[in-house]
Amino acid sequence: MTIHQAYLELKKHILNQSEIYEILEYLTGHKYDWLICHQDKLIENISKYESVIEALKQFVPVAYIVNNKRFYGIDFFVDQRVLIPRIETELVVEQALKWLNNQNNKVIIDLCTGSGNIGITLNHLTNNSTYLLDLSDQALEVCKINLAKIQATKIQILQGDFLEPLLENQIKGDLIVCNPPYIDFQDANVGFSTKYEPQNALFADEKGLKFYKEMFLNFPKIIKDINNFCLIMEFGFEQKTAIEKLYTEFVTDKNFNHEFLKDNSNNWRCIMITNI
Ligand SMILES: C[S@@+](CC[C@H](N)C(=O)[O-])C[C@H]1O[C@@H](n2cnc3c(N)ncnc32)[C@H](O)[C@@H]1O
């Protein structure tokens with residue numbers, strides 16, 4: 001089978017052109033430019049090709065097949081132990097970089113880190129000390145693979161339940177970023193595509209709001225300098241009203257500023273809390 005024939009076959013299963021080339025790169029070990037110029041070359045590893053087609057028939061996401069997902073221009077190793085990083089989460093990184101504004105003596109804390117995509121990206125780009133936390137040992141194994149793969153320094157990994165490792169060890173940061181599980185267990189609209197992702201990365205109690213409530217109640221305890229900090233949390237596109245309500249109920253200190261941010265698809269996606 002030639003590369004061109006494989007391309008035509010893959011097209012029957014994948015709508016996204018760039019994902020087709022991700023698979024062809026995975027199958028041949030060659031980059032896009034080479035593939036374009038060598039369409040008549042044979043795919044040598046036919047059994048690998050056949051298992052890809054089988055996985056696609058089972059709707060396994062391409063990122064899990066090729067063990068890679070590009071996030072903020074960086075290639076992260078991913079497998080079924082972690083959530084596949086989403087493009088909308090790049091908003092968290094973008095806003096965090098704006099707040100950091102080239103400061104390099106800050107402490108970053110990435111809660112619910114999963115593959116480490118947010119925290120490792122920020123560390124890689126700014127060289128600030130960074131803590132990466134997750135409850136899942138399995139997710140942290142993947143995170144460690146990414147730490148070895150992507151140039152990152154001054155990073156510590158902590159396992160535990162949400163804020164607990166920070167509170168227990170009295171660790172505080174300047175920039176807190178967090179993309180927690182936020183889907184309501186009752187949500188009927190969850191796409192079929194999430195079937196292969198870790199369920200504890202997706203769903204949360206209290207209609208998906210448990211982590212926001214816990215954060216709003218406790219975040220001053222994990223901030224180094226309450227007069228100069230930034231906290232950015234991602235949420236689901238229909239959760240803004242509920243999160244605004246929780247904020248009003250649980251954050252009573254008027255010395256904080258909060259704003260909501262929209263992603264590139266014009267959906268409300270993040271809350272950002274800072275000092276005034
Ligand atoms: C939505 S995923 C986010 C992963 C990654 N930060 C991203 O943006 O793609 C949520 C992560 O929270 C972790 N998690 C779930 N419950 C947790 C808890 N109680 N404490 C800490 N982490 C938790 C999951 O293991 C998962 O890695």
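Residues numbered from 1 in each chain as written. Predicted model: local features only at pLDDT ≥ 70, side-chain atom pairs only at ≥ 80, totals over all residues. Heavy atoms only, no water.

Caption draft 1: Seen up close, the overall build of the protein. Check the secondary structure of the protein and you find 12 helices and 11 strands. Relative to the 2.2 N^0.38 estimate, which gives 19 Å for 276 residues, the radius of gyration of the protein is 20 Å and therefore close to what a compact globule would have. A principal-axis box enclosing the C-alpha atoms of the protein has dimensions of 65 × 40 × 35 Å. As presented, the protein carries roughly 14100 Å² of accessible surface, and 47% of it is formed by carbon and sulfur atoms. (Helix = DSSP H or I, 4+ residues; strand = E, 2+ residues; numbered from the N terminus. Rg over C-alpha atoms; globule rule 2.2 N^0.38 Å. Areas by Shrake-Rupley, 256 points an atom, 1.4 Å probe, with all protein chains shown as cover.)

Caption draft 2: Examining the site of the ligand more closely. Cys-112, Asp-134, Asp-161, Phe-162 and Asn-179 are the nearest of the 20 residues found near the ligand. In this structure, a nitrogen atom belonging to the ligand sits 2.7 Å away from a side-chain N or O atom of Asp-161. Within the side chain of Asn-179, one N or O atom sits 2.9 Å away from an oxygen atom of the ligand. Contact with the protein chains removes 95% of the 600 Å² of surface that the ligand exposes when unbound. Where the shell around the ligand is concerned, the elements lending two or more residues are helix H7 (117–126) and helix H10 (199–202). Here the shell around the ligand is composed, by residue class, of 10 nonpolar, eight polar and two charged. (Near = heavy atom within 4 Å. Polar contact = N/O pair within 3.5 Å; in protein donor to acceptor, adjacent residues only side chain to side chain. Nonpolar A, V, L, I, M, F, W, Y, C, P; charged D, E, K, R; others polar.)

Caption draft 3: Local environment of the packing of aromatic side chains. One pass over the full model with this rule turns up 10 aromatic pairs. Between Tyr-21 and Tyr-32 the ring centres are 4.7 Å apart and the planes differ by 70°, which places this aromatic pair in the edge-to-face class. In this pair, Tyr-21 is assigned in helix H2 (residues 17–28) and Tyr-32 in helix H3 (residues 32–37), connecting sequence segments 11 residues apart. Judged by relative accessible area, Tyr-32 falls into the partly exposed class, the value being 40%. (Phe/Tyr/Trp six-rings, centres within 6.5 Å; stacked < 30°, edge-to-face > 60°. Buried < 20%, exposed > 50% of the residue type's maximum accessible area, 1.4 Å probe, protein only.)

Caption draft 4: Broad picture of the environment of His-4. One can find His-4 in helix H1 (residues 3–11). For the pair formed by His-4 and Lys-41, sequence separation is 37 residues and the distance between their alpha carbons is 8.3 Å.

Caption draft 5: Spatial organisation of the sheet that holds strand S5 (residues 155–159). The strand order across the open sheet built from seven strands is S5-S4-S3-S6-S9-S11-S10, with neighbouring strands paired in mixed fashion. Of all strands in the sheet, those with a lone pairing partner are S5 and strand S10 (256–262), marking the two edges. Between one strand and the next, the sheet's axes are offset by a mean angle of 15°, whatever the strand orientation. Here strand S6 (residues 175–178) runs beside strand S9 (residues 230–234); their pairing, made up of four bridges, is parallel. For Val-177, the partnering residue across the bridge sits in S9 and is Ile-232. (Pairing = 2+ DSSP bridges. Axes fitted to C-alpha atoms, helices over the stretch in contact; angles between N-to-C directions.)

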